[in-house]
Amino acid sequence: GAVHRDSHGRRQAFGPASAGGGVAQWMDPGRGLWQETAFDIHGADWAGSQQEMFEIWVRKDAAAAAADADPTVQVLHGEAEGVPPAGGERAAVPTVRGRHGGTASETVVLLGEHGGASSGVDQAAAGTDAVVLHVTLTGARGGAGAPCWTHTVLPAHTSCLLYVRTGAVTTLPDAKKIEAHQTAFLSRDGAELSVSLAPGCTSADFIFCGGAPTLAPYVQAGSVVVADAFEHGKFRAEWKSGMWGRPWDFDLDDAAWREHCAVNPPRGREKKKKKRNRSLNGGLDS
């Protein structure tokens, strides 16, 4: 599993065998925060295990990006863990099951919609209609040429990719083979993606991502992606001023980290509250 800590004093453990449960984490940094996410080397599932972590970035639309919102960090829980209450730091993600011929499929809808099921992530607030799916296929050996998994692609989603974690699959009808640890960038033709197990393969595990392409210009510096050089300068001024809190030594234990966060809280929220109070006292209505 993995452990997340951030400058708002929020600690979350997630992953198949972590103390917090959950299959993934959704994070929207809002006006900004410091955060770390690392493997839980002290967890019971660490010794002798093989673990992977995927970080998928989703760009927000202009309105959501301009909003001065609080950060949102949620652990996404699968249906086997029960449905968490709406809102807060947890959200539910459904699993869509299907069978085509002798092959069974399970699709975890991490973001967006698939097969009539929707992720519990509030995408309107996040400002995106992107789709992220985790798919497993098991059953008869591939090679028959019939699809064993399909997904209807939204018209605006002309930027799609498929990454195979284990096994191998072929896309139909062009019969292009995608092997383990390969990423395929899909063409813009057609409205439905069809996938089958590759010849001789009895199982596969892959991730599908779909969304509208980023057409607006942007500037990237390390882990920061902003609209332009002006926004990047604003970003640097904010983190240097301590508006998001202060970074910490990643070796700090939880007690020392919590003390650090208490001494160095984010200042953005405090400023926003003070500004709102002045407006109310002045009789303004926004």
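Each value, and the rule that gives it
Residues numbered from 1 in each chain as written. Predicted model: local features only at pLDDT ≥ 70, side-chain atom pairs only at ≥ 80, totals over all residues. Heavy atoms only, no water. Pairing = 2+ DSSP bridges. Helix = DSSP H or I, 4+ residues; strand = E, 2+ residues; numbered from the N terminus. Axes fitted to C-alpha atoms, helices over the stretch in contact; angles between N-to-C directions. Phe/Tyr/Trp six-rings, centres within 6.5 Å; stacked < 30°, edge-to-face > 60°. Buried < 20%, exposed > 50% of the residue type's maximum accessible area, 1.4 Å probe, protein only.

**Student:** I would appreciate a short explanation of the sheet that holds strand β2 (residues 11-14) in the present structure.
**Tutor:** Pairing between the strands of a sheet comes from backbone hydrogen bonds, and it takes one of two forms, parallel or antiparallel. On the basis of which strands lie adjacent, the open sheet formed by three strands has the order β2-β1-β4 and antiparallel pairing. Edge positions in the sheet fall to β2 and β4 (35-39), since each of these pairs with one other strand and no more. Adjacent strand axes in the sheet meet at a mean angle of 15°, parallel and antiparallel pairs treated alike. Across four bridges, strand β1 (residues 2-6) lies against β2 in antiparallel orientation. When the bridges of β2 are listed, valine 3 appears paired with alanine 13.

**Student:** How should the packing of aromatic side chains be read in this particular structure?
**Tutor:** Describing an aromatic ring pair means giving the distance of the ring centres and the angle of the ring planes. Considering all chains together, one arrives at eight aromatic pairs under this definition. Ring centres of phenylalanine 235 and tryptophan 239 lie 6.5 Å apart, and the angle between their planes is 50°; on these two criteria the pair is classed as tilted. In this pair, phenylalanine 235 and tryptophan 239 both sit in helix α3 (residues 229-241), four residues apart, roughly one turn of the helix. Among the aromatic side chains, those forming a connected cluster through ring pairs are Trp34, Phe235, Trp239 and Trp244.

**Student:** Can you help me understand the pairing of strand β8 (residues 103-111) in this one?
**Tutor:** Regular strands show a simple pattern: their side chains alternate between the two faces of the sheet. Among the nine residues in β8, eight count as buried, and that is most of the element. With six bridges connecting them, strand β7 (residues 95-100) and β8 associate as antiparallel partners. Directly across from threonine 95, in β8, lies its bridge partner valine 108. The antiparallel pairing of β7 with β8 creates a hairpin that spans two residues between the two strands, and glycine 101 there sits at a positive phi of about 65°. Sheet topology places β8 next to strand β11 (residues 131-139); eight bridges connect them, and they run antiparallel. Along β11, the bridge assignment pairs valine 108 with histidine 134.

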